[in-house]
Amino acid sequence: MAQDKFDTLRIHAGYKPEDNQFASSVPIYQTAAFGLSNTEVANEIVQGKQPNRYDYSRDGNPTVRVFEKRIAALEGGVDAVAVGSGMSAISYTIFNVAEGGGRIIAPTNIYGSSLDEFRNFFPKFGIDFDFIDDVNDFDRIKALIQDDTKAIYVESVANPSTEIADIETLAGIAHNAGIPLIVDNTFPTPYLFRPFEYGADIVVYSSTKGINGHGNTLSGIVVDHGKFDWTSGKFPQLTEDEFTLGNEETDDHESFTSKFGAAAFIKRIRMKYVRLLGSNLGPIDAYLVLLGLETISERLDKQVASTITIAKFLSTNKHVARVYYSGIEHDNPLVTKYFPKGVGSILSFELKGGETNIAKLIDNVKVFSYLPNIGDAKSLIVNPTRTTHREVPADVRTKHALNNQVIRLSIGLEDIDDLVNDLKQALERAFN
Ligand SMILES: *Cc1c(COP(=O)(O)O)cnc(C)c1O
């Protein structure tokens, strides 16, 4: 009997009650370390020959492991590694692919901290970015690829414009150049979109957002499709001898690719970045995100429906200059192709008037919460240029119509009439 459908996996994948006192809910293994039994078993554990045993929670923890296996199953990946935040997932992925120096191609209309990191921080480590203003400007991307280009990085649905990346075409371009396509799939979540089905190689998430769905803790995860060939010579960090994988006493030499094959990339993030730099996910946080994940499909279905209603309401409101939500663009072929179940629960719009109207709108909402987060069960409102996208420079904002009049909404699970009425009354007050 096949038990591999999304709605079954999100509740059961990666967890065996019979190995856990038949506990129905995934136990929180709140411990720093695990007993090693005896020296013989200890040797096997540290060499990874006892897959169900653990030694230290920075190297792995059973509660966190369930989350990793569950997301890998939902995504159709070979394995996943969980970390303390979405930014850690992005950072470790970029370091792991371009370690020692290189170039990455990325669009400019991405999450503010990602853009800040790519523009101003990674170059200090010898990793430089070639930016594109239009994620689907394929000719420009091809022209930017150089010998030391290590990856193409995109957001499947951009924050906050909800512009859609043509993942299948981008994956084709990347693979022709012998480099992987890395996708931040935070906005849609694996329920609405699975980038591996269209050829992406690595998916990163801020699982703080829609995967958790309740805004109660930070977490991030990297998922590896396991299909990319890392042995071309472009990625020596994955093919060179790795001391901790070999055996000095027996003169055995191993690299991440020789030892782990398809899982080389994800194993290396775990064994080098999480083990050596930290930012491991805690077991309580893993428990919370697993709990949220159990209802992802029902949450997203309702949130998408409410988001469409709100986008349509805003499009007809006299105080609104423009609505940004690709979910209502019926003539957009990328929506039809990639997002049959909807584009997600985030939209933005441009308010007429000036910043005093923005302030009055925000000050007058009663159901919406004013805070910098998305994907919560609660509906959220934020002014990106003053908060989440502060780090985006003025020229980039102009290119993406991201001015001080733009408001971003993340639609939660409240009654749709209450949400629409809340916006209606706050929009009236914003201009009185
Ligand atoms: C929030 C967010 C991040 C960063 O995640 P954290 O969990 O806050 O570190 C990265 N990418 C996108 C698209 C996000 O929305």
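Rules behind the numbers
Residues numbered from 1 in each chain as written. Predicted model: local features only at pLDDT ≥ 70, side-chain atom pairs only at ≥ 80, totals over all residues. Heavy atoms only, no water. Helix = DSSP H or I, 4+ residues; strand = E, 2+ residues; numbered from the N terminus. Rg over C-alpha atoms; globule rule 2.2 N^0.38 Å. Buried < 20%, exposed > 50% of the residue type's maximum accessible area, 1.4 Å probe, protein only. Contact = heavy atoms within 4.5 Å. Areas by Shrake-Rupley, 256 points an atom, 1.4 Å probe, with all protein chains shown as cover. Near = heavy atom within 4 Å. Polar contact = N/O pair within 3.5 Å; in protein donor to acceptor, adjacent residues only side chain to side chain. 1 Å grid on protein atoms, 1.4 Å probe; cavity = no way out; pocket = protein on both sides within 12 Å on 5 of 7 lines; lining within 4 Å. Sits in = over half its atoms within 2 Å of the grid points. Nonpolar A, V, L, I, M, F, W, Y, C, P; charged D, E, K, R; others polar. Pairing = 2+ DSSP bridges. Axes fitted to C-alpha atoms, helices over the stretch in contact; angles between N-to-C directions. Points joined across faces, edges and corners; volume = space filled by probe spheres on them. Domains from an automatic or database assignment. Buried area = accessible area lost by both parts, 1.4 Å probe. Salt bridge = Lys/Arg side-chain N within 4 Å of Asp/Glu carboxyl O. Expected span 1.5 Å × (residues − 1).

### Let's talk about the overall build of the protein chain
- Along the backbone of the protein chain there are 17 helices and 12 strands.
- Its C-alpha atoms give the protein chain a radius of gyration of 22 Å, near enough to 22 Å, the size a compact globule of 432 residues would have.
- Across its three principal axes, the protein chain shows a C-alpha extent of roughly 80 × 55 × 40 Å.
- Per-residue burial over the protein chain gives 55% buried out of 432 residues.
- For the protein chain, long-range pairs separated by at least 24 residues make up 72% of all intrachain contacts whose partners lie at least 6 apart in sequence.
- Surface summary for the protein chain: the accessible area is close to 18,100 Å², and the carbon and sulfur share equals 50%.

### A look at the site of the ligand
- Taken together, 15 residues sit near the ligand, with G86, D184, S206, T208 and K209 positioned nearest.
- At 2.8 Å from an oxygen atom of the ligand is found a main-chain nitrogen or oxygen belonging to G86.
- The side chain of S206 places a nitrogen or oxygen atom 2.8 Å from an oxygen atom of the ligand.
- For the ligand, the protein covers 94% of the area, taking 390 Å² as the surface of the free molecule.
- Taking a 2 Å distance to the grid points as the criterion, the majority of the atoms of the ligand fall inside the second largest pocket.
- With three residues, the top contributor of residues to the shell around the ligand is helix 4 (residues 86-98).
- Looking at the shell around the ligand residue by residue, the class counts come to five nonpolar, seven polar and three charged.

### Focus: the side chain of S306
- Its place among the elements puts S306 in helix 13 (residues 296-315).
- When neighbours within four sequence positions are excluded, S306 is seen to be in contact with I411 and I416.

### A few points about the sheet that holds strand 7 (residues 220-224)
- An order of 1-7-6-5-4-2-3 is seen for the seven strands of this open sheet, with the pairing classed as mixed. One side of each edge strand has no neighbouring strand; the edge strands of this open sheet are strand 1 (79-83) and strand 3 (127-132). With strand direction ignored, the average angle separating the axes of adjacent strands in the sheet is 20°.
- Where strand 6 (residues 202-206) lies against strand 7, five bridges are found, and the strand directions are antiparallel. Looking at strand 7, one finds that V204 is bridged to V222.
- Contacting strand 2 (102-107), strand 3 and strand 4 (149-155), helix 5 (residues 112-121) crosses the sheet at an angle of about 120° to strand 3.

### Notes on the layout of surface pockets
- Roughly 380 Å³ of internal volume is contained in the second largest pocket.
- Broken down by element, the residue count for the lining of the second largest pocket peaks at three residues, all from helix 4.
- Residues that form the lining of the second largest pocket fall into these classes: eight nonpolar, 10 polar and five charged.
- Built from parts of two domains, the lining of the second largest pocket gets at least three residues from each of domain 1 (6-30 + 61-292) and domain 2 (296-430).

### Considerations on the environment of A80
- Structurally, the position occupied by A80 is in strand 1.
- It is 8.7 Å that separates the C-alpha atoms of A80 and K267, two residues lying 187 residues apart in sequence.
- Setting aside residues no more than four positions away along its own chain, A80 makes contact with R65, E68, A72, I221, V222, V223, I266 and R270.

### What about the sheet that holds strand 10 (residues 369-370)?
- Pairing within the open sheet is mixed, and its five strands lie in the order 8-9-12-11-10. In this open sheet, the two edge strands, each paired with only one partner strand, are strand 8 (320-324) and strand 10.
- Pairing geometry for strand 8 and strand 9 (residues 346-351), over four bridges, is antiparallel. Paired with Y324 across the bridge in strand 9 is S348.
- Along the sheet, helix 13 makes contact with strand 8, strand 9 and strand 12 (406-410), crossing strand 9 at roughly 10°.

### Here's the deal with the domain arrangement of the protein chain
- On domain assignment, one finds that the protein chain holds domain 1 (6-30 + 61-292) and domain 2 (296-430).
- Just the C-alpha atoms count here: the centres of domain 1 and domain 2 sit 28 Å apart.
- Between domain 1 and domain 2, the residue contacts involve 42 residues of the former and 39 residues of the latter.
- Buried surface at the junction of domain 1 and domain 2, summed over both partners, amounts to about 3,400 Å²; 59% is from carbon and sulfur atoms.
- On the domain 1 side of the interface with domain 2, the three residues burying the most area are I164, Y191 and L192, jointly 21% of the side's total.
- If you look at where domain 1 meets domain 2, you find three salt bridges.
- Between D133 and K399 there is a salt bridge; the shortest N-O distance is 3.2 Å.
- Summed over the shared surface of domain 1 and domain 2, the result is 20 residue pairs in polar contact (both at pLDDT 80 or more).
- Going through the elements one at a time, helix 1 (6-12), helix 5, helix 7 (167-176) and helix 8 (189-192) are the ones with two or more residues in the side of domain 1 that touches domain 2.
- When residues in the side of domain 1 that touches domain 2 are grouped by element, the largest group, five residues, is from helix 5.

### Some remarks on the side chain of Q425
- Along the chain, the position of Q425 falls in helix 17 (residues 416-430).
- Here N364 takes part through its backbone oxygen, which lies 2.9 Å from a polar atom of the side chain of Q425.
- Sequence-distant contacts of Q425, that is, excluding residues within four places in its chain, are made with N364, V365 and K366.

### Details of helix 3 (residues 62-75)
- With 14 residues, helix 3 extends 20 Å between its outermost C-alpha atoms, agreeing within 8% with the 20 Å of an ideal straight helix rising 1.5 Å per residue.
- The buried fraction of helix 3 amounts to 12 of the 14 residues, a majority that puts the element mostly inside the structure.
- Considered for burial, the residues of helix 3 that qualify are P62, T63, V64, R65, V66, F67, E68, R70, I71, A72, L74 and E75.
- Between the side-chain oxygen of the N-cap and the backbone nitrogen of T63 there are 2.9 Å, and the N-cap of helix 3 in question is N61.
- Remark: G76 follows helix 3 within two positions and exhibits a positive phi of approximately 80°.

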